[in-house]
Amino acid sequence: MSPPIVHHPAYCADLPANHRFPMDKFRAVAELIREEGLLDGKPFYRPRPAPFEWVALAHDPAYVDQVFNARVPDKIAREIGFPMREDIALRARCATGGTVLTGYLALEHGIACNTAGGSHHARRAHGAGFCVFNDVAVAIRVMQADGAIGRALVIDLDVHQGDGTADIFQGDPDVFTFSMHSEKNYPVRKIASHLDIGLSDGTGDAAYLARLQEVLPGLLESRAWDLVFFNAGVDPYEHDRLGRLALTRDGLRRRDRYVLETVRAAGLPLAGVLGGGYSTDIGELADRHLTLHRTARSVVTGTYPSREYA
């Protein structure tokens, strides 16, 4: 049986045709999931938009109010990179609600995946870098407030450093943020995660996977985690528009398989979020993003061919 997959039509908002952010990928990802039968004939799990009270657990309430009421100052809107309209705000709320739902489904099923999420540049005070709300941070805070989890581990393998997540959880003993990323990529001014691994330009499959294998087992054993959030950004791909690393498509598959198998072998639930990926070819990009969902299905059903990663 396939793991639960969360999606909402509002994940895809309207942007100008020449905008750098490939918004149409969210619609394309959902369509491809249906076409490949990854839902096993069932519908997507549909989240509700995150309410103010949820989002304000991780973000400054004044900023949350600005987004909810489409009154974001121009300076912050420029840093985010989106026109801060009502539909953009709804999209951010739905994606955030989707990651909250994904977290709860992961507790129930072992693995669950969102078709959006991973907005890791949104800091406590405001958004940035195409990220309005930090959905993973909100999900952790909501689940902690509900008493569903105590300790959470964030594995962020997007090509960009997770500065917003690091900012929100600085000094928090119950949440550990791990980011492995391109050192010279955005953001220029990074905020220290609990563990950062900055990789050189052009790092390929073998070196990338070896570095990940060095650290992940120890992180999983370091504390009694209740839940793992995995940002499965596909922008470390060698041909990504905004990446500086050199992973192949096979490298991305091996990365995701290693993370999912290792986390599940440790007996921990995993909530996967989409993360970054950039291309003018939306079909190629959606296919690349489905690496997470295909791998989650293969791990749950045991249909993958081998356990070799190096």
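Cut-offs and rules
Residues numbered from 1 in each chain as written. Predicted model: local features only at pLDDT ≥ 70, side-chain atom pairs only at ≥ 80, totals over all residues. Heavy atoms only, no water. Helix = DSSP H or I, 4+ residues; strand = E, 2+ residues; numbered from the N terminus. Rg over C-alpha atoms; globule rule 2.2 N^0.38 Å. Contact = heavy atoms within 4.5 Å. Areas by Shrake-Rupley, 256 points an atom, 1.4 Å probe, with all protein chains shown as cover. Lys, Arg positive; Asp, Glu negative; His and termini not counted. Charge placed at Lys NZ, Arg CZ, Asp CG, Glu CD. Buried < 20%, exposed > 50% of the residue type's maximum accessible area, 1.4 Å probe, protein only. Phe/Tyr/Trp six-rings, centres within 6.5 Å; stacked < 30°, edge-to-face > 60°. Lys NZ or Arg CZ within 6 Å of the ring centre and 35° of its normal.

Some remarks on the overall build of the protein
Within the protein one finds 10 helices and seven strands. For 310 residues, the compact-globule estimate of 2.2 N^0.38 gives 19 Å, and the C-alpha radius of gyration of the protein, at 17 Å, lies within 12% of that figure. Its C-alpha atoms give the protein principal-axis dimensions of roughly 50 × 40 × 40 Å. Counting contacts in the protein only where the partners sit at least 6 residues apart, residues at least 24 apart contribute 75% of the total. Summed over all atoms, the accessible surface of the protein reaches about 12,100 Å², with 48% contributed by carbon and sulfur. Averaging the positions of the 34 positive and the 39 negative side-chain charges in the protein gives two centres separated by 1 Å.

Some points on helix H1 (residues 25-35)
The complete set of buried residues in H1 reads Lys25, Phe26, Ala28, Val29, Ala30, Leu32 and Ile33. Looking one or two residues beyond H1, the residue adopting positive phi is Gly37, at roughly 70 degrees.

Quick word on the packing of aromatic side chains
Considering all chains together, one arrives at 10 aromatic pairs under this definition. Seen in terms of ring centroids, Phe68 and Phe133 are 6.2 Å apart; in terms of plane orientation they differ by 45 degrees. Their pairing is tilted. A residue pair is termed long-range when its members are at least 10 positions apart, and Phe68 in helix H3 (residues 61-68) and Phe133 in the loop between strand S2 (111-114) and helix H6 (135-146) qualify at 65 residues. Taken together, the ring pairs connect Phe21, Phe26, Phe82, Phe130 and Tyr278 into an aromatic cluster. Its end group placed over the ring of Tyr278, Lys25 keeps NZ or CZ at 5.5 Å from the ring centre.

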